[in-house]
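The primary structure of each chain is shown beneath.
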Amino acid sequence: MARHESYEATEVARVLAPGGRFLTQQVDGFDAPEIHNWFGHDFLYPDVTADAYAVRLRDAGMRIDQVDEWSGQMHFADATALVTYLALVPWDAPNFSVEAHAQRLVDLEASAPIVVTQRRFRIYATLE
């Protein structure tokens, strides 16, 4: 099982016994597009998608049993909550600073709550 952690599909296939199952849940590489738009940063992991990960597992000799994709909203009460979040996940806005983005934060605060789109995917696979 892998949750939000990178893995090598070939290693998963190597360590599983025939019939062994693998479950992974990942943050899509295009998660939180609003944050990237607001603070002008490219997505750091555009290759992290359900399709790409399923292909890697299939190429490693695994049967893809199920792929689920999910999208939902994350709400921040105010700019302070958003800044706290960005401190915990700096990869969403790699060069973010309160000073450099002060006006954007003021604008977001004025329209609070601040809403961001989350994207996740889950893959179940079996070693054949």
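Data block above holds the structure.
The rules we used
Residues numbered from 1 in each chain as written. Predicted model: local features only at pLDDT ≥ 70, side-chain atom pairs only at ≥ 80, totals over all residues. Heavy atoms only, no water. Phe/Tyr/Trp six-rings, centres within 6.5 Å; stacked < 30°, edge-to-face > 60°. Helix = DSSP H or I, 4+ residues; strand = E, 2+ residues; numbered from the N terminus. Buried < 20%, exposed > 50% of the residue type's maximum accessible area, 1.4 Å probe, protein only. Axes fitted to C-alpha atoms, helices over the stretch in contact; angles between N-to-C directions. Parallel < 35°, antiparallel > 145°, perpendicular 65-115°, else oblique. Contact = heavy atoms within 4.5 Å. Nonpolar A, V, L, I, M, F, W, Y, C, P; charged D, E, K, R; others polar. Salt bridge = Lys/Arg side-chain N within 4 Å of Asp/Glu carboxyl O. Arc of directions from axis to C-beta.

Describing the packing of aromatic side chains
Scanning all chains against the criterion turns up 7 aromatic pairs. Where Tyr7 meets Phe22, the ring centres are 4.9 Å apart and the plane angle is 65°; that geometry is what we call edge-to-face. Separated by 15 residues along the polypeptide, Tyr7 in the loop between β1 (2–3) and α1 (9–15) and Phe22 in strand β2 (residues 21–27) bring together distant segments of the chain. Owing to a relative accessible area of 6%, Phe22 belongs among the buried residues under this scheme. Arranged with centres 5.5 Å apart and planes meeting at 80°, the rings of Tyr53 and Phe121 form a pair that is edge-to-face. Of this pair, Tyr53 sits in helix α3 (residues 50–59) while Phe121 sits in strand β4 (residues 114–127), and the two are 68 residues apart along the sequence. For the pair Tyr53 and Phe121, a shared accessibility class is recorded, and that class is buried. Ring-pair connections join several aromatic residues into one group, and the members of that group are Tyr7, Phe22, Tyr53 and Phe121.

A short note on the packing of helix α4 (residues 79–88) against helix α5 (residues 102–110)
In contact at an axis separation of 9 Å, α4 and α5 are set at 125° when each is read in the N-to-C sense. Put simply, α4 runs oblique to α5. Between α4, through Ala79, Thr80, Leu82 and Val83, and α5, the contact on the second element is made entirely by Leu105, Leu108 and Glu109. Of the residues assigned to the contact of α4 with α5, the class counts are 5 nonpolar, 1 polar and 1 charged.

A short note on the pattern of salt bridges
All told, the structure shown has 7 salt bridges when counted by the stated rule. Across the salt bridge formed by Asp65 and Arg21, the nearest N and O atoms sit 3.8 Å from each other. Taken as a pair, Asp65 in strand β3 (residues 62–76) and Arg21 in strand β2 lie far apart in primary sequence, 44 residues in all. With relative accessibility at 54%, the residue Arg21 sits in the exposed group. Between Asp65 and Arg63 there is a salt bridge, and its shortest N-O distance comes to 2.6 Å. For Asp65, a relative accessible area of 32% puts it in the partly exposed group. Taking relative accessible area as the criterion, Arg63 reaches 39% and is therefore assigned partly exposed.

Focus: α3
All of the buried residues in α3 are Ala50, Tyr53, Ala54 and Leu57. Along the long axis of α3, the arc covered by the buried residues comes to 100°, so they all point the same way. Facing away from the buried side of α3 by over 90 degrees, the exposed positions are Asp51 and Asp59. Buried positions along α3 lie against α1, β2, β3 and β4. Within two residues after α3, Gly61 carries a phi angle of roughly 100°, on the positive side.

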